[in-house]
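Descriptive structure summary
One-letter residues, chain by chain:
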Amino acid sequence: MALEFGGGLNWALATPFAAAVVAPYLKRAMGHNVAWLLALVPAGIFVYLCRFIGTVATSGHGVHITSIEWLPQYGIQYSLFVDGLSLVFALLISGIGTLIILYSGGYLKGHADQGRFLSFMFLFMGSMIGVVLADNLMTLFIYWELTSITSFLLIGFNHRQERSRRAALQALIVTGGGGLALLAGLLLMSHAGGSMEMSSLLTKGDLLRDNPHYTAILLLLLGGAFTKSAQFPFHYWLRNAMEAPTPVSAYLHSATMVKAGVYLLMRVQPIMGDTTLWMTILPIFGGVTLLMGTWMSLRQTDLKLTLAYTTIASLGLLVMLVGTSNETAITGAVVYLFAHALFKGGFFMIVGTIDHEAGTRDVTRLGGLRKAMPVSFYAAIACALSMGGIWPFIGFIAKEELYLGLLGTSLSALLLTLTAVLGNAMMFGAAFVVALKPFLGEKGNMPKHAHEGPVLLIAGPVTLASLGLLSMLFGDFVGAALLRPMADAVHGHHGHLLIGVGAVHLNFAFMLSLITIALGVGFYFRYDAIRATRGVLIRFMGEGPDSFFDIFIAGLVRFSARTMRLLQSGNMEVYLAATFATIAVALLVPMVVFDELPDWPEIPNLFIYEWSTLGLAVVGLYALLVAKTRLTAIVSLGIQGFAVALIFLLFGAPDLSFTQFMVETLAVVIIALIMNRLSLKEHDKRPMPQLLTDASLSILVGLGFCLLLLSVTQGAFDRHLSDFFTDYSRVIAHGRNIVNVIIVDFRGFDTLGEIAVVTITALCVHTLTLGTGRSALQGKFLTSKTDRMDETTSGQKGAE
C-alpha cells in the first residue's frame with residue numbers, strides 16, 4: 001500500500017507549489033474566473049486523499065511513505081506519514097482550500113494583485129499540507145517554517161498600509177521565534193527517542209517520558225505550539241492578523257495556520273502526554289486562553305475581531321482538552337476541531353461577504369440585511385447553531401463529548417468543567433451576535449446598498465454550513481471513517497465514537513449543554529453592556545501583550561544599535577585587536593582548560609648555518625620593533641619571510657623556498673607601494689598603554705600558535721594522506737612534483753579560491769588608495785587655489 005500511494009502523494013503535495021507558479025499568469029489570461037480552474041488543484045488533492053480513508057480506518061495504523069534519502073547519515077529524509085490525524089487535517093486543508101480559492105476569486109475581483117494573492121494562497125496551502133503529512137522531524141520543521149513565511153506574505157498582502165506590515169511582521173516574529181524553540185525540541189526528542197521519524201517515536205512513549213530531558217523537550221515543543229496556536233500570552237498576533245483580506249482569515253482560522261500548534265500537540269500526545277507537567281501546563285494555559293478569548297469576543301464591534309477572539313478561545317479549549325490526556329475529552333477535542341473548521345470557515349466568509357456588499361464590518365452600523373442577503377443569513381444561522389452546540393449540528397456532539405471527558409469529582413475536574421461551560425456560553429453569545437445582529441432589526445447606516453453576494457462568495461459558506469448538518473445526518477460514516485481513527489491516533493489506542501442525529505443521551509453532559517445555552521442567551525442579550533465595560537484586567541488581556549511586543553521590538557532595536565556602535569566602531573585598530581584577542585583565546589583557553597599543553601622540546605643540535613638563519617630572523621624581528629619609520633618596518637618585516645625561505649631551502653624544499661622568496665618580495669614591494677600612497681615617514685605615535693596592549697596580544701597569539709604546532713608535532717603522525725598523495729600524484733595527476741600536483745589538481749578549487757580572494761583584496765586596496773590619492777590631490781588643489789586667492793587679495797589691498 002505504501003508503494004502504491006507513495007509517488008501519487010508526493011505529486012499531490014507538489015501541485016499547490018506548481019499552482020503558485022502559474023496562478024499569476026493564468027489570472028492575466030482569465031481574470032477572476034481563474035478561481036474556477038485553480039480550485040481544481042485542492043479539489044484534486046482532496047479526492048486523492050479520500051483513497052486513504054478506507055485503509056486508515058480499517059488498518060488502525062498509518063501508511064508510512066519514505067520518498068527521498070536526504071542526509072541518511074543524520075537520519076534526515078523526506079518522508080510522509082498518513083494516519084487518522086494527518087488524514088483528517090489534510091482533508092480539511094484541501095477541502096476548505098477549494099472553497100477559499102473560489103471565494104478569493106469573487107472577493108478580490110478586479111484587484112490588481114489578485115494573481116499574486118492566489119500564488120501566496122497556494123504556497124500557504126502546500127506548506128500546511130506538508131506540516132500534517134510530514135513524518136521526518138526535519139521535514140515537519142521545514143514545512144512548519146514555510147507556513148510562517150507564507151502567512152507573513154498573506155497577512156501583509158496590503159503592504160501599502162502600515163498596520164498590515166506591522167501585523168505581518170509581528171506574526172512572523174512570534175511564530176518564527178516559536179519555530180526556533182520547536183527545532184531545538186525536535187532535535188532533543190530525536191536524540192532521546194533514537195529516531196528522526198515521528199511514526200517510530202510514537203512507539204517510544206515510555207522512553208521519552210522517562211528521559212531526563214523530558215521537561216526541556218516538552219517546554220520547547222510547547223513554545224512552538226503555543227505561539228503558532230495563539231495561546232495566551234501569544235494571542236495578540238492572531239487578532240492583529242485580521243488586517244489580512246478575509247479569504248486569508250477564513251483559511252487561517254478554519255483549517256490551517258493556527259491549527260498547526262494543536263496538530264503538533266495532538267501528534268505528540270501519545271509520547272509526551274499523561275504526565276503531571278503535561279496535564280498542568282496545557283489545561284491552565286488553555287483554560288485562560290478560552291476565557292480570555294470568549295470574553296474579549298463579546299467586547300468587539302468589528303465582526304472579524306469577534307470571530308478572531310472566538311478562534312483564540314476555541315484553540316484554548318482544544319489545548320485544554322488535549323492536556324487532560326483523557327480519552328473521552330480528546331475525542332471531544334477531535335470532534336470539536338472538525339466542527340470548528342466547518343462553522344468558522346463559513347462564518348468568516350459570511351462576514352467577508354457582508355463587508356464586501358455592505359461596505360462595513362461594524363456591528364453597530366449593520367442591521368436589516370436579512371431580506372437583502374437571505375442566503376448569507378441562513379448560512380450564518382446554520383454556522384451559529386453548530387458553534388453554539390445546538391442539535392442537530394455537529395457542534396452538539398462535540399460539546400457533549402468534551403463535557404463527558406471533563407466530568408469528575410476532583411477539584412481540577414470541577415474547575416475545568418466550569419471553565420468549559422462558561423467559555424462555551426460566551427462563545428454561544430458571540431456566535432449569535434455575528435449571525436443575528438447584522439441581519440435583524442432596522443436597516444443600519446451602511447456605506448453601500450447591500451445585496452446578496454455572487455456565487456463565488458456564497459458557495460463556500462453555504463457548503464460549510466450545510467456540512468455541519470450533513471455530518472450528523474451521515475454520522476455513521478463521519479464517525480467511523482474519519483473522526484474515530486483521528487481520535488485513536490491522538491490518544492494512542494482504539495476507542496469508540498457515536499455520531500448522528502439520534503446520538504442524544506439524557507445525562508449530566510446534556511444538562512451542562514442546557515446550562516451553556518441558557519447562559520449563552522444571557523450573554524447575547526447583555527452584549528451591549530459587556531461591550532461597554534472597562535477594567536485593568538480587560539485592558540491587559542486585550543492590549544497588554546501587544547504593547548509589550550512593541551516595547552520588546554523597540555528595546556531590541558536600541559540594543560542592536562548600541563551593540564553595533566560598540567562592535568562596529570569604524571576604528572581599524574579596534575577590529576584588529578578584537579580579532580587577535582579572539583584568536584588568542586581560541587588557541588590558549590582550550591589547551592589550558594583541558595590540560596593539553598604540550599611538553600616543551602629540548603633544544604636541538606643545529607649547524608652553524610642553521611643558527612645563522614635563526615639569528616637572521618631574530619635580527620629582523622629586532623629591527624622591526626625598533627624601526628623609526630614605516631618603510632624601515634616594512635623592510636624589516638620582509639627579513640622574517642626570507643629567513644623562513646632559507647629554512648625551507650635547508651630542509652630540502654627548494655620549490656617552496658623559491659615560492660616563499662617570490663611571495664615575500666612581492667609582499668614587501670606591494671605593501672611599500674600602498675604605504676607610499678598613505679605615509680611612509682609617519683612615526684609610531686601610539687601611547688605606551690596601547691603599545692603594551694598590542695605587544696601583549698602579539699605575544700599571546702604567537703605563543704598560542706607555537707603551542708598548537710608543538711602539540712601537533714608531538715602527536716602521532718598519520719601518514720594516510722601523505723601516502724595517498726605519494727601513490728597517486730604520478731598515476732592520477734601525471735605529475736612528479738607532489739606539492740605542485742596538490743596545489744593544482746587535488747586542491748585546485750582551494751587554489752582558485754585563494755587566487756580569487758587575493759584578487760578581490762587587491763581591487764579593494766586599489767580602490768582605497770585611489771580614493772586616498774584623489775583626496776590628496778584635491779587637498780593640494782584646494783590649498784594652492786586658496787594660496788592664489790590670498791595672494792590676489794593681498795595684492796589688491798596693497799594697490800589700494
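Residues numbered from 1 in each chain as written. Predicted model: local features only at pLDDT ≥ 70, side-chain atom pairs only at ≥ 80, totals over all residues. Heavy atoms only, no water.

A word on the overall build of the protein
The helix and strand inventory of the protein stands at 33 helices and two strands. Structurally, the protein occupies a C-alpha span of about 110 × 90 × 55 Å along its principal axes. Put simply, the protein has 800 residues, and 49% of those count as buried. Summed over its atoms, the accessible surface of the protein is roughly 38,400 Å², and 68% of this surface lies on carbon and sulfur atoms. Each charge sign in the protein was given a centre, from 49 positive and 48 negative side chains, and these centres are 14 Å apart. (Helix = DSSP H or I, 4+ residues; strand = E, 2+ residues; numbered from the N terminus. Buried < 20%, exposed > 50% of the residue type's maximum accessible area, 1.4 Å probe, protein only. Areas by Shrake-Rupley, 256 points an atom, 1.4 Å probe, with all protein chains shown as cover. Lys, Arg positive; Asp, Glu negative; His and termini not counted. Charge placed at Lys NZ, Arg CZ, Asp CG, Glu CD.)

Some thoughts on the confidence of the model for the protein
Across the protein, pLDDT averages 84, with 91% of residues at or above 70. Across residues 1-5 the pLDDT falls below 50, and counting only partners more than four positions away or on other chains, this stretch makes eleven contacts in the model. Below a pLDDT of 50 lies the segment residues 788-800, which in the model reaches zero contacts outside its immediate sequence neighbourhood of four places, other chains included. (pLDDT = per-residue confidence, 0-100. Contact = heavy atoms within 4.5 Å.)

Some remarks on unusual backbone geometry
The residue after Phe232, namely Pro233, is reached through a cis peptide bond having omega 10 degrees. The topology assignment puts Pro233 in the loop between helix H11 (214-228) and helix H12 (236-240). Here Trp391 and Pro392 are connected by a cis peptide whose omega angle stands at 10 degrees. Despite not being glycine, Ser325 has its phi angle at roughly 60 degrees, a positive value. Tracing the sequence through the fold places Ser325 in the loop between helix H16 (303-323) and helix H17 (327-358). Positive phi, normally seen in glycine, also occurs at Asp595, with a value near 50 degrees. With respect to the element layout, Asp595 can be found in the loop between helix H26 (572-593) and helix H27 (608-626). Judged by relative accessible area, which is 67%, Asp595 ranks as exposed.

What to know about the side chain of Thr150
Tracing the sequence through the fold places Thr150 in helix H7 (residues 137-155). With a relative accessible area of 5%, Thr150 lands in the buried category. Excluding residues within four positions of it along the chain, Thr150 makes contact with Leu123, Phe124 and Ser127.

Remarks on the pattern of salt bridges
In total, this model carries ten salt bridges according to the counting rule given. A salt bridge links Arg163 to Glu243, with the nearest nitrogen and oxygen atoms 2.9 Å apart. Here Glu243 lies in the loop between H12 and helix H13 (246-254) and Arg163 lies in helix H8 (residues 162-193), a separation of 80 residues in the sequence. On the basis of relative accessible area, Arg163 is assigned to the exposed category, the value being 60%. Here Asp550 makes a salt bridge to Arg166, at a shortest N to O gap of 2.8 Å. (Salt bridge = Lys/Arg side-chain N within 4 Å of Asp/Glu carboxyl O.)

Digging into the packing of aromatic side chains
Using the criterion set out here, one finds 18 aromatic pairs in the structure. One aromatic cluster is present, built from ring pairs that chain together Phe724, Phe725, Tyr728 and Phe746. Over the ring of Tyr524 we find Lys437; its NZ or CZ atom is 5.2 Å from the centre of that ring. (Phe/Tyr/Trp six-rings, centres within 6.5 Å; stacked < 30°, edge-to-face > 60°. Lys NZ or Arg CZ within 6 Å of the ring centre and 35° of its normal.)

Considerations on the nonpolar core
By size, the foremost hydrophobic cluster in this structure holds 201 residues, and its most contacted members are Met189, Trp237, Met266, Met272 and Phe347. Ranked by residues supplied to this core, first place goes to H17 with 19 residues. Ignoring anything within four residues of it in the chain, the contact list for Phe347 reads Leu307, Ala380, Cys383, Ala384, Met387, Ala431, Val434 and Ala435. (Core = buried A, V, L, I, M, F, W, Y, C linked by side-chain atoms within 4.5 Å.)

With respect to the environment of Val712
Among the secondary structure elements, Val712 is positioned in helix H30 (residues 688-714). What makes Val712 exposed here is its relative accessible area of 58%. The spatial distance from the C-alpha of Val712 to the C-alpha of Ala380 is 77 Å, given a sequence separation of 332 residues.

Remarks on the packing of helix H15 (residues 278-297) against H16
Closest axis-to-axis distance for the H15/H16 pair is 7 Å, and the angle between their directions is 160 degrees. Judged on the interaxial angle alone, H16 and H15 are roughly antiparallel. Crossing handedness for the pair H15 and H16: left-handed. Here the residues of the contact of H15 with H16 are counted per class, giving 14 nonpolar, ten polar and no charged. (Axes fitted to C-alpha atoms, helices over the stretch in contact; angles between N-to-C directions. Parallel < 35°, antiparallel > 145°, perpendicular 65-115°, else oblique. Left-handed = near helix turned anticlockwise from the far one by under 90°. Nonpolar A, V, L, I, M, F, W, Y, C, P; charged D, E, K, R; others polar.)

Quick look at H11
With 15 residues, H11 extends 21 Å between its outermost C-alpha atoms, agreeing within 8% with the 21 Å of an ideal straight helix rising 1.5 Å per residue. Following H11 by one or two positions, Ala230 adopts a phi angle in the positive range, close to 55 degrees. (Expected span 1.5 Å × (residues − 1).)

Overview of the packing of H17 against helix H22 (residues 475-491)
At a closest axis distance of 9 Å, the pairing of H17 and H22 adopts a crossing angle of 125 degrees. Between H17 and H22, the crossing angle belongs to the class labelled oblique. Note on packing geometry: the crossing formed by H17 with H22 is right-handed. Residues Glu327, Ile330, Thr331, Val334, Val335, Leu337 and Phe338 of H17 form the contact with H22, whose participating residues are Val478, Leu483, Met486, Ala487, Val490 and His491. Here the contact of H17 with H22 is composed, by residue class, of ten nonpolar, two polar and one charged.

Things to note about the environment of Gln231
Relative to the helices and strands, Gln231 resides in the loop between H11 and H12. Taking the C-alpha atoms as reference points, Gln231 and Ala313, 82 residues apart in sequence, are found 8.7 Å from one another. Engagement of the side chain of Gln231 in a polar contact is seen with the backbone oxygen of Ser229, the distance being 3.1 Å. (Polar contact = N/O pair within 3.5 Å; in protein donor to acceptor, adjacent residues only side chain to side chain.)

Focus on a nonpolar patch on the surface
A contiguous nonpolar surface patch, about 990 Å² in accessible area, is contributed by Ile603, Phe607, Ile608, Tyr609, Trp611, Leu614, Ile647, Leu650 and Phe651. Contributing elements (two or more residues each) for the nonpolar patch: H27 and helix H28 (630-650). Per element, the largest residue contribution to the nonpolar patch is four residues, and it comes from H27. In this structure Ile647 comes out as partly exposed when scored by relative accessible area, which is 32%. (Patch = residues over 30% accessible without salt bridge, like charges linked within 9 Å, V, L, I, M, F, W, Y side chains within 5 Å.)

Things to note about H26
For an α-helix, the turn length of 3.6 residues means that residues three or four places apart are oriented alike. Here H26 spans 31 Å end to end across 22 residues, near enough to the 32 Å set by a 1.5 Å rise per residue. Looking at H26, one finds that the buried residues are Ala584, Leu587, Leu588 and Met591. Just past H26, the residue Asp595 takes up positive phi, approximately 50 degrees.

Observations regarding the environment of Ala413
Along the chain, the position of Ala413 falls in helix H20 (residues 411-436). Apart from residues no more than four positions distant in its own chain, Ala413 is found in contact with Leu406, Leu407 and Gly408.

Let's talk about the side chain of Ser86
Here Ser86 is to be found in helix H5 (residues 84-107). Within polar-contact distance, the side chain of Ser86 engages the backbone nitrogen of Asp83 at 2.9 Å. Non-local contacts of Ser86, meaning those with residues more than four positions away in its chain, are made with Phe81, Val132, Leu133, Tyr263 and Arg267.

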